[in-house]
Amino acid sequence: MAFSYGAQGFVLLLMAASLLAVGEAKTIVVGGSEGWRFGFNYTDWALQNSPFYINDKLVFKYAPPSDSSSHAYSVYVLPDLWSYITCDFRRAKLLANERQGSGEGFVVVLNMWRPYYFASGGQNGALCSEGLMKFFAVPLPRWN
Ligand SMILES: *[C@@H]1O[C@H](CO)[C@@H](O)[C@H](O)[C@H]1NC(C)=O
């Protein structure tokens, strides 16, 4: 009995916390002034900028492909940890194509309590692996 009440209380607390998170959400530019580009260590960036909270907004900023740059960046969500580790895009979901990062950037709202495995597609996975263009975020409920 006591355990059951405790579990219900915990779930209620989590629900309340995610409601409270609405007013507190932050907007965070991925990579800061570096934006979303080849060779910047986003794993490190994510560590430095953790934790993320539910309803925080991540902004991916990158230039579209041009004559002076052969890179075509994009934003995918990979389905699980293993595809993230191996930069396997076969079941990945495209969030933003190579043109959607320009201007104010592409906004992703972390509105679910789950791991988000982000990576750039392109060059047969090389932007993700050699280019370090991947990180994951597990947004937490906000308690204040
Ligand atoms: C990127 O940063 C992570 C976390 O700080 C580190 O473990 C990793 O070795 C770095 N990768 C490269 C290629 O520097």
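In this text, all values refer to a predicted model and were calculated from it rather than measured experimentally.

Thoughts on the packing of aromatic side chains
Then step 1. Overall, the coordinates contain 15 aromatic pairs when judged by the stated rule.
Then step 2. Aromatic rings pair up to connect Trp 36, Phe 40, Tyr 42, Trp 45, Phe 52, Phe 60, Tyr 116, Phe 118 and Phe 135 into one cluster.
Then step 3. Directly above the aromatic system of Tyr 116 lies the positively charged group of Arg 114, at a separation of 4.3 Å from the ring centroid.
Then step 4. Positioned above the aromatic ring of Tyr 84, the side-chain terminus of Lys 134 is 4.9 Å from the ring centre.

Section: the sheet that holds strand β1 (residues 27–29)
Then step 1. Spatially, three strands are ordered β1-β2-β5 in an open sheet, and the strand pairing comes out mixed. Looking at strand neighbours, the two that pair on one side only are β1 and β5 (106–109), the edges of this open sheet. Each adjacent strand pair in this sheet contributes to an overall mean axis angle of 25°, direction not counted.
Then step 2. The pairing of strand β2 (residues 57–60) with β5 spans four bridges and is classified as antiparallel. Within β5, the residue paired with Phe 60 across the bridge is Phe 106.

Re a nonpolar patch on the surface
Then step 1. A cluster of nonpolar side chains, contributed by Trp 113, Phe 136, Val 138 and Leu 140, occupies part of the molecular surface with about 370 Å² of accessible area.
Then step 2. Here Leu 140 is to be found in the segment after β7 (134–137).
Then step 3. On the basis of relative accessibility, which here comes to 35%, the residue Leu 140 falls in the partly exposed class.

Describing the pairing of β2
Then step 1. Inspection of the sheet shows β1 paired to β2 by three bridges, in the parallel sense. Across the sheet, residue Val 29 finds its bridge partner in β2, namely Val 59.
Then step 2. Following the backbone out of β1, through helix α2 (residues 42–49) and into the adjacent parallel β2, one traces a crossover that is right-handed.

Thoughts on the site of the ligand
Then step 1. By nearness alone, every residue bordering the ligand is listed as Asn 41, Asp 44, Leu 47 and Leu 132.
Then step 2. Between an oxygen atom of the ligand and a side-chain N or O atom of Asn 41, the distance comes to 2.3 Å.
Then step 3. In the model, an oxygen atom of the ligand is placed 2.7 Å from a nitrogen or oxygen of the Asp 44 side chain.
Then step 4. Relative to its free-state accessible area of 360 Å², the ligand is covered by the protein chains to the extent of 40%.
Then step 5. Taken together, the residues of the shell around the ligand break down into two nonpolar, one polar and one charged.

Some points on the sheet that holds strand β3 (residues 75–78)
Then step 1. Here four strands make up an open sheet; going across it, the order is β4-β3-β6-β7 and the pairing antiparallel. With partners counted over all chains shown, the strands left at the sheet margins are β4 (93–96) and β7, one partner each. Shown here is a sheet whose adjacent strand axes are inclined to one another by a mean of 30°, direction ignored.
Then step 2. Across three bridges, β3 lies against β4 in antiparallel orientation. By the bridge assignment for β4, Val 77 is matched with Lys 93.

Criteria and cut-off values
Residues numbered from 1 in each chain as written. Predicted model: local features only at pLDDT ≥ 70, side-chain atom pairs only at ≥ 80, totals over all residues. Heavy atoms only, no water. Phe/Tyr/Trp six-rings, centres within 6.5 Å; stacked < 30°, edge-to-face > 60°. Lys NZ or Arg CZ within 6 Å of the ring centre and 35° of its normal. Pairing = 2+ DSSP bridges. Helix = DSSP H or I, 4+ residues; strand = E, 2+ residues; numbered from the N terminus. Axes fitted to C-alpha atoms, helices over the stretch in contact; angles between N-to-C directions. Patch = residues over 30% accessible without salt bridge, like charges linked within 9 Å, V, L, I, M, F, W, Y side chains within 5 Å. Areas by Shrake-Rupley, 256 points an atom, 1.4 Å probe, with all protein chains shown as cover. Salt bridge = Lys/Arg side-chain N within 4 Å of Asp/Glu carboxyl O. Buried < 20%, exposed > 50% of the residue type's maximum accessible area, 1.4 Å probe, protein only. Right-handed = clockwise from strand over helix to strand, strands pointing away. Near = heavy atom within 4 Å. Polar contact = N/O pair within 3.5 Å; in protein donor to acceptor, adjacent residues only side chain to side chain. Nonpolar A, V, L, I, M, F, W, Y, C, P; charged D, E, K, R; others polar.

Keep in mind these numbers describe shape, not what the thing actually does.
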